[in-house]
Amino acid sequence: MRKSALSYDRGTLVLHPPPKGKAWVDFAVWDDRIEKFRVPARDYRKLLEACKTEGIEIEDRARYFRELELKPLVQEPFKHQQEALESWIRAKRQGVVVLPTGAGKTFVAQMAIEATPRSTLIVVPTLDLMHQWYANLKAAFPDTEVGLLGGGSKDDSPILVATYDSAAIYAEKLGNQYALQIFDECHHLPGDFVRTIAEYSIAPYRLGLTATPERGDNKHTDLDTLIGPIIYRKAPEDLAGGALSEHKIKQIKVTLSDTERAEYDRLIAQRNDFLNRSKISLGTLDGWQRFVQASGRSKEGRAAMLAHRNARQIAFGTEAKLLTLADLLEQHHQDRVLVFTDDNNMVYRISQAFLIPAITHQSKVKERHEILQNFREGEYPRVVTSRVLNEGVDVPEANVAIILSGTGTTREYVQRLGRILRRGEGKLALLYEVIAENTAEENVSKRRRGEYKPEERGKVKEDRKDQNQSRLFERIDSEESLGFDDL
């Protein structure tokens, strides 16, 4: 009888002819169109491990991984970076590492590549990050070809850096080319479109990196199957004074003027009257969704939603915040300051009032690059932005952040804090959170702070079976070692 073979076919695996034994049955589904069994690409490793355990021989024609010849990294890791790598290897090279911005997640990835020298796909959310990763990997592995996929580039390299969108478009082609997948800002991966990067891939080794894995839609639980469980986690407080700068967080409450207060209270009363009549509570899980739906069904609903937004604008843009900002900018006139707001109108208002360069999603790539370059060189001591700099931009020179408004998500709060935590000699990072007293903004602040629970730090899932310490940093030296169970 002909030996059973496993081949890759546009994001799935074809197993033919059916092998003897039962280990493969739970993974396979019959495809009437080709009259053969198919297996999800994501189950490649599990299938081979199960068949090996049962003694079932399968000819593997699916993988087209390339070996890498890498020189050892010169940089010495911090303790937390070494621990993260150890945890990942103990978890059989599958899992998510959660580290705050500025803690050196990129170097953890470089260590993982060195310890697993096979063709590697790195996926990032933005073009800025793609070019940052490219530069770092070229410096770390100068003798190895590093390529780009996205922004007009379409390379075929043993180490490839791609944006999530580009990698998803070519997921079927990339799926059997790379043994190691690294997902930067991996909280993006559970999205409906980009998740195919992981689902269509047979990569036996997967590493997720993020500062905040949790998602509002709870799809972060999908990371367990797309990448692996959280296997290492540290918060900014854990690394302060070492890998990250010491930092302080100060909350400043400002008071609405009498005119602003009267208008704010009127608008909130109008909104609440509609919510009460519609039996909608914004404190429930589906409250906001119900409010949005109800606002589209009647004139009163639309007026209530407009009142809600106008009240929010008063709280976010009160004149008292601009006066406080003026005081803080004067106090920190020698520092590099990032000012964050929640909306573009406030960004441009601040930019005009204080003659501060502004960056929003409307800023052209070249303009944004020039502003950040001047900021790094000290030509611009301060920059104001909305949400553009929350993620994927390296601004190590900043040491003061001023949040004038924002959402209630922990992710945004941690990301903004992370913009100023890059280590520096004698550096003390300061984060100011300016909120309007006795407004809904106080609850927004409590949510973004309350969701971030330090007691959850270090709660990770680890598979501690077969922890042979003498093999922790043993590289994968031959194709035969891709039997997976002996890593």
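Sequence order as written defines residue numbering, which begins from 1 separately in each chain. Reporting of local features is limited, given that this is a predicted model, to residues whose pLDDT is at least 70; pairs of side-chain atoms are given and counted only at 80 or more, and all residues count toward the totals for whole chains, interfaces and linings. For side-chain calculations, the full set of non-hydrogen atoms in the structure is used, while hydrogens and water are omitted.

### Description of the packing of helix α11 (residues 287-295) against helix α12 (residues 299-316)
Line of reasoning, step 1. Fitting a line to C-alpha atoms yields each axis, with helices limited to the stretch in contact; the angle taken between N-to-C directions then spans 0 to 180 degrees. Comment: elements are numbered from the N terminus, with helices defined as DSSP H or I runs of at least four residues and strands as E runs of at least two. Two elements in contact, α11 and α12, have axes whose closest approach is 7 Å; the angle formed by their N-to-C orientations is 130 degrees. The angle between α11 and α12 falls in the class oblique. Counting all contacts with α11, which are made through Trp288, Phe291, Val292, Ala294 and Ser295, the residues of α12 involved are Gly301, Arg302, Ala304, Met305 and His308. The labels follow the angle: roughly parallel below 35 degrees, roughly antiparallel above 145, roughly perpendicular from 65 to 115, and oblique for the rest. Contacts: residue pairs with any heavy atoms within 4.5 Å of one another.

### Thoughts on the packing of helix α10 (residues 258-277) against α12
Two measures define how a pair of helices packs: the angle their axes make with one another and the distance between the axes.
Line of reasoning, step 1. Orientation of α10 relative to α12, taken along the N-to-C sense of each, is 145 degrees, at an axis distance of 8 Å. Of the two elements, α10 crosses α12, and the hand of that crossing is left-handed. Residue-level contacts link Glu260, Glu263, Tyr264, Leu267, Ile268, Gln270, Arg271 and Phe274 of α10 to Glu300, Gly301, Ala303, Ala304, Ala307, His308, Asn310, Ala311, Ile314 and Ala315 of α12.
Line of reasoning, step 2. Residue polarity is assigned by list, with Asp, Glu, Lys and Arg as charged and Ala, Val, Leu, Ile, Met, Phe, Trp, Tyr, Cys and Pro as nonpolar; anything else, Gly included, falls into the polar class. A class-by-class count of the residues in the contact of α10 with α12 yields ten nonpolar, four polar and four charged. Helix crossings get a hand from a simple test, with the near helix turned counterclockwise from the far one by less than a right angle marking a left-handed crossing and a clockwise turn marking a right-handed one.

### Considering the sheet that holds strand β3 (residues 29-31)
By way of backbone hydrogen bonds, the strands of a sheet pair with one another, either parallel or antiparallel.
Line of reasoning, step 1. Strands are labelled as partners when DSSP assigns at least two bridges between them. Read across the open sheet, the five strands follow the order β3-β4-β2-β1-β5; overall the sheet is mixed. The open sheet has two edge strands, β3 and β5 (59-60), and neither has a second partner.
Line of reasoning, step 2. By the bridge criterion, two bridges tie strand β1 (residues 5-9) to β5 in an arrangement that is parallel. Counted as the bridge partner of Leu6 is Asp60 from β5.
Line of reasoning, step 3. Packed on one face of the sheet, helix α1 (residues 44-54) meets β1, β2 (12-16), β4 (36-40) and β5 and runs near 180 degrees to β1.

### Looking at helix α3 (residues 105-115)
Line of reasoning, step 1. Three exposure classes are used, based on accessible area relative to the maximum for each residue type with a 1.4 Å probe and protein chains only: buried under 20%, partly exposed in between, and exposed over 50%. Across the eleven residues that make up α3, a large majority, ten, are buried.
Line of reasoning, step 2. Those residues of α3 that fall on the buried side of the exposure criterion are Lys105, Phe107, Val108, Ala109, Gln110, Met111, Ala112, Ile113, Glu114 and Ala115.

### A short note on the packing of aromatic side chains
Line of reasoning, step 1. A pair of Phe, Tyr and Trp rings is counted when the ring centres sit within 6.5 Å of each other, with Trp represented by its six-membered ring. The angle between the planes then sorts it: under 30 degrees is stacked, over 60 is edge-to-face, the rest tilted. Throughout the structure, instances matching the rule amount to four aromatic pairs.
Line of reasoning, step 2. When the centroid spacing of 4.9 Å and the interplanar angle of 75 degrees are considered together, the rings of Trp30 and Phe37 count as edge-to-face.
Line of reasoning, step 3. For the pair Phe274 and Phe291, a centre-to-centre distance of 6.3 Å together with 40 degrees between the ring planes defines the contact as tilted. Of the two residues, Phe274 is situated in helix α10 and Phe291 in helix α11; the sequence distance between them amounts to 17 residues. Across the pair, exposure class does not vary: Phe274 and Phe291 are buried alike.

### A short note on the pattern of salt bridges
Line of reasoning, step 1. By salt bridge we mean one thing: a side-chain nitrogen of Lys or Arg within 4 Å of a carboxyl oxygen of Asp or Glu. Enumeration according to the criterion identifies 25 salt bridges in this entry.
Line of reasoning, step 2. With a closest N to O distance of 3.8 Å, Lys3 and Glu57 form a salt bridge. With a gap of 54 residues between them, Lys3 in the segment before β1 and Glu57 in the loop between α1 and β5 connect regions that are remote in the sequence.
Line of reasoning, step 3. Judged by its relative accessible area of 60%, Glu57 falls in the exposed class.
Line of reasoning, step 4. Between Lys253 and Glu442 there is a salt bridge, and its shortest N-O distance comes to 3.1 Å. Placement of the pair is Lys253 in strand β14 (residues 246-254) and Glu442 in helix α17 (residues 440-450), with a sequence separation of 189 residues.

### Some remarks on the environment of Ser295
Line of reasoning, step 1. Along the chain, the position of Ser295 falls in helix α11.
Line of reasoning, step 2. Remark: the alpha-carbon pair of Ser295 and Leu306, spanning eleven residues in sequence, is separated by 9.1 Å.
Line of reasoning, step 3. Apart from the residues lying within four places of it in its own chain, the contact partners of Ser295 are Gly301, Arg302 and Met305.

### Observations regarding the nonpolar core
A general tendency of soluble globular proteins is for nonpolar side chains to be buried together.
Line of reasoning, step 1. Residues belong to a common nonpolar core when they are buried Ala, Val, Leu, Ile, Met, Phe, Trp, Tyr or Cys residues joined through side-chain atoms within 4.5 Å. Trp88, Ile113, Ile122, Trp133, Leu137, Val161 and Ile182 are the most contacted members of the largest nonpolar core, which has 59 residues in total.
Line of reasoning, step 2. Ignoring anything within four residues of it in the chain, the contact list for Ile122 reads Ile113, Trp133, Leu137, Ile159, Leu160, Val161, Ala162 and Ile182.
Line of reasoning, step 3. Of all hydrophobic cores here, the second largest spans 21 residues; its members include Ala162, Leu174, Tyr178 and Val194.

### Let's talk about the side chain of Gln181
Line of reasoning, step 1. By secondary structure assignment, the location of Gln181 is in strand β11 (residues 180-184).
Line of reasoning, step 2. Counting of polar contacts relies on pairs of N or O atoms within 3.5 Å, with two restrictions inside protein: one atom must be capable of donating a hydrogen and the other of accepting it, and residues adjacent in sequence are counted only when both atoms are side-chain atoms. A distance of 3.2 Å separates a polar side-chain atom of Gln181 from the backbone oxygen of Ile197.
Line of reasoning, step 3. With residues up to four places along the chain from it excluded, the contact list for Gln181 reads Leu121, Ile197, Ala198, Ser201, Ala203, Tyr205, Arg206 and Leu207.

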